[in-house]
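The lines below spell out each chain.
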Amino acid sequence: MEGNGSLIGEIGLYALILALVFSLVQGTLPMVGTHYGVGAWIAVARPAALGQFIFITLAFSMLMLGYIVSDFSIENVALNSHTDKPMLYKISGVWGNHEGSLILWIFILALFGLSVALFGSNLPPTLRARVLAVQGLISFGFLLFTITTSNPFTLLNPPPLQGLGLNPLLQDPGLAFHPPFLYLGYVGFSMAFSFAIAALIEGRVEPAWARWVRPWTLAAWCSLTVGIALGSWWAYYELGWGGWWFWDPVENASFMPWLAGTALLHSAIVVEKRDALKSWTVLLAILTFSLSLLGAFLVRSGVLTSVHAFATDPQRGVFILALLVIVIGGSLVLYAWRAPALKSGGYFSPLSREGGLILNNLLLITACATVLIGTLYPLFLDVITGGESKVSVGPPYFTNTFIPIMLPLVVAVAIGPMLSWKRADLYGALSRLRLALAVALLVVIIGWYTIENGSFLSLCGLSLAAWLFVGALVDLGERLKIGRVGLGAVWRRVIAQPRATYGMTAAHMGLALTIFGIVASTSWETERLQVMRPGQTADIAGYALLFVGVKDVGGPNYNSVRATFEVSREGAYIATLQPEVRTFTDPPMQTTEAAIRPTITADLYAVVGDPDGQGGWATRIYHKPFVHWIWFGAAVMAGGGLISLSDKRLRVGAPGRRKFNRRRAKVTAA
Amino acid sequence: MRYLLPLGVFVVVAAALGIGLTMDPRVLPSALKGKEIPDFSLQAVQGRELGLSSANLRQGTVSVVNIFASWCGPCRVEHPYITELRNLGIVVYGINYKDHPDHAEEWLNIHGDPYVRTGADLNGRVSIDWGVYGLPETYVVDGGGHVIEKHIGPLMPDDIRSKILPAIQRAMK
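Given the structure is predicted, the values throughout are model-derived calculations rather than measurements.

To continue, consider the overall build of chain A. Counting its regular elements, chain A contains 22 helices and ten strands. Here the C-alpha atoms of chain A give a radius of gyration of 27 Å, agreeing with the 26 Å that 2.2 N^0.38 yields for 670 residues. Over its C-alpha atoms, taken along the principal directions, chain A stretches across nearly 85 × 75 × 55 Å. Partitioning the intrachain contacts of chain A with sequence separation of at least 6 by distance along the chain shows that 74% fall at a separation of at least 24.

The strand order across the open sheet built from four strands is 1-10-9-8 (chain A), with neighbouring strands paired in antiparallel fashion. Pairing within the sheet leaves two strands with one partner each, and these edge strands are strand 1 (526–532) and strand 8 (595–598) of chain A. The mean inter-strand angle of the sheet, taken between neighbouring strand axes irrespective of direction, is 15°. Across eight bridges, strand 9 (residues 602–611) of chain A lies against strand 10 (residues 617–625) of chain A in antiparallel orientation. Residue pairing for strand 10 of chain A: A606 of chain A is matched across the bridge by I621 of chain A. Here helix 3 (residues 101–111) of chain B sits on the sheet and contacts strand 1, strand 9 and strand 10 of chain A; the angle it forms with strand 9 of chain A, its principal contact strand, is near 55°.

What follows covers helix 10 (residues 207–238) of chain A. Here helix 10 of chain A contains 32 residues, and its C-alpha end-to-end distance of 46 Å stays within 8% of the 46 Å for a straight helix at 1.5 Å per residue. Of all 32 residues making up helix 10 of chain A, 27 are buried, and the element is well covered by its neighbours.

Here we come to the nonpolar core. By size, the foremost hydrophobic cluster in this structure holds 252 residues, and its most contacted members are A192, F195, A285 and L468 of chain A. Once residues lying within four places of it in the same chain are set aside, the contact partners of F195 of chain A are V131, W209, W212, V213 and A285 of chain A.

With respect to the helices and strands, the residue G488 of chain A is situated in helix 19 (residues 487–496). Between the C-alpha atoms of G488 of chain A and V94 of chain A, which are 394 residues apart in sequence, the distance is 55 Å.

Another point: the pairing of strand 5 (residues 572–577) of chain A. Residues and elements named next belong to chain A. Taken together, the five bridges between strand 4 (residues 558–569) and strand 5 define a ladder with antiparallel strand orientation. By the bridge assignment, R569 is partnered in strand 5 with A572. Taking the residues that link successive antiparallel strands as the turn, the strand 4-strand 5 hairpin has two residues, and the phi of E570 there is positive, at about 50°.

Turning our eyes to something else, we now look at unusual backbone geometry. Cis rather than trans, the peptide bond between N157 of chain A and P158 of chain A has omega equal to 0°. Located in the positive-phi region is F626 of chain A, a residue other than glycine, with phi close to 60°. Position of F626 of chain A among the secondary structure elements: in the loop between strand 10 and helix 21 (628–645). Residue class for F626 of chain A comes out buried when judged on the 22 C-beta atoms lying within 10 Å of it. Of note, the phi angle at K98 of chain B is positive, near 40°, even though the residue is not glycine. Its place among the elements puts K98 of chain B in the loop between strand 4 (91–97) and helix 3.

Definitions and limits used
Residues numbered from 1 in each chain as written. Chains lettered and ligands numbered in written order. Predicted model: local features only at pLDDT ≥ 70, side-chain atom pairs only at ≥ 80, totals over all residues. Helix = DSSP H or I, 4+ residues; strand = E, 2+ residues; numbered from the N terminus. Rg over C-alpha atoms; globule rule 2.2 N^0.38 Å. Contact = placed C-beta atoms within 7 Å. Pairing = 2+ DSSP bridges. Axes fitted to C-alpha atoms, helices over the stretch in contact; angles between N-to-C directions. Expected span 1.5 Å × (residues − 1). Buried ≥ 20, exposed ≤ 12 C-beta atoms within 10 Å, placed from the backbone. Core = buried A, V, L, I, M, F, W, Y, C linked by C-beta atoms within 7 Å.

The values reported here are purely geometric and, on their own, carry no functional implication.
Structure (structure tokens):
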């Protein structure tokens, strides 16, 4: 194995360099070719994208192979892996570090480029060539960054006998798949970006453009939703404090593109259906990807301190900042120059579906801006005062600014879909939503009398969730004309309804579920903190947890103290909870593994701590009502996105002619 | 004009990021070094007996003061290394910043208590006098109650070796 050990690394590096060459060709020749009308150069875009993809895949596979066979002659493997690590975490270790995560980033970028090359046959050839060229240039920037400052294939001679392991906090299935989903989201937004740049260069944004941008944005948005939810779920069960969102700079870095991407999804509808809001949508596409890049900068440059941050290095920071300035600055210059020429066709009154979507965009972007300000404020203050003044912005800032912006948004989400295009009847929409209004009021009244420790704000939250949930259903019912036409006619409408409608309904209902989970779990959580001896019982929310005792157990690369609780309710046995404290030796570190019994209505969450030296153990038990609905709601949102993505209108690669006819057939339906 | 606005905003952000890169977010404003610690007196964290006051820091022994909270993720990260400092025989005091007394007690029970004395700074007033910017923060204080060194952010083995231990040696002279 030592013989071919360095071979893996060398093949990987050569593959990266070849990919760099391909990306340069992909980024330049088609761009010049489209400008001067050189057909042969335009045609280079597709094979170049394919070639780039092949060599990046090769590099990525080599790095993964290095991890799988524990080839410690590759420095990156030696620093981040260990022979005793379970295979899943050897593989996830590939992207658990700065260099490897960059390779994953570029790999996904190349994958998206390949999809345009393969399935973009219904795009105008010049548009496709320009999109691929922009993708190629982004790829070139990141490959150059990787090779010059963050080469994952640096070799060690002689190779160490054992690797340095991976942070055990990161050895977790939730976290293993968290980065790939996040990157699919971040990089997915690069498609919208490339289309925006290509459109600015062409000087034209047509409804067909929006039909192309929407599926990519939707796919990216779904992945990002799943990625953020996975990360928050991981924090919930792994950090052992029952919290699931901390407004950490790195969390914010993923949340900002999500907010902007959500806005983009909605404004692209207006471009597609109404041929309006063009320059705004192009700007949103640029902003969304810019925020993804900014996230990469914040995580990797060391300008902000965060627990999530990769080992940072100022040289890398300078390079990424330069990349940021070229990509974002360049695109905004292009925007300032070309956007005034984008002509919008549709006119509409402020009170219309378009108006509603603008309100949606306004609120989402404002929310995004408050998060951005909160994240960057410490840095700004530091810079302005020359390092003499430092602050940290904590959760109170974010809850006090973010939530007030979200409240009107949630109210509006239920109303928006009920408005008609161009000019709408707000009173009519509201009167059709009277059922939702009634349910929302009922929730407040019932809650007022039945829930003992409910604050007014939490009742409002519950009521809003109910309003949104029922509102989404009422909207669907209206579209299907339930109760107004016969069952057979309703059924025909169920089938004829575009999937995008169901997707929207699901996504809005998912948002309602998430809000419900957030409000219920934060308002009515109970906790018990105590030292328990074996045989003692703790009571929480009607459950009795009998502390049976603790046992030492060994894991693949750690030793663990495992406690056992027997949970019963009114004397009847329900479940056994076994929280653990794991002690890793390489690197030395302890992690808490909470034991969670999730049910539909509440989670029981138990954590064990240190012994008190007299036979007792510190224990923490939480009862969190409906907390899993937070992530269930996120999954429903992402599912809604996928349903919408499967809409024939948006299906990537469907022949353009057929699509066009279908669109005509559906203009009224949707 | 309105099309130039996004570019303008970005230029400002990029400039700030650029300057930010040249600064280390963990470097202490030099003005605080060498200054006297503020006068304060805090009750012990719930469940512990020994509280912390400025008098404890002026008794001639070099000490390390660590500001922590149960709600602070990075505090959890540095916790084993704070314990290691204590195991090296260094006097470590803890100021518990704006924490729920139950949580603070439990945190120390579960993860271990490396502190010789603790002070519960429930409203954060004392920490403000110390000039705390964000948790965790760690101060090296000489026997006379002067701040010798300050570290912002989680204290990692590297920081102990390159910053805290040399500062303690300086303080002992």
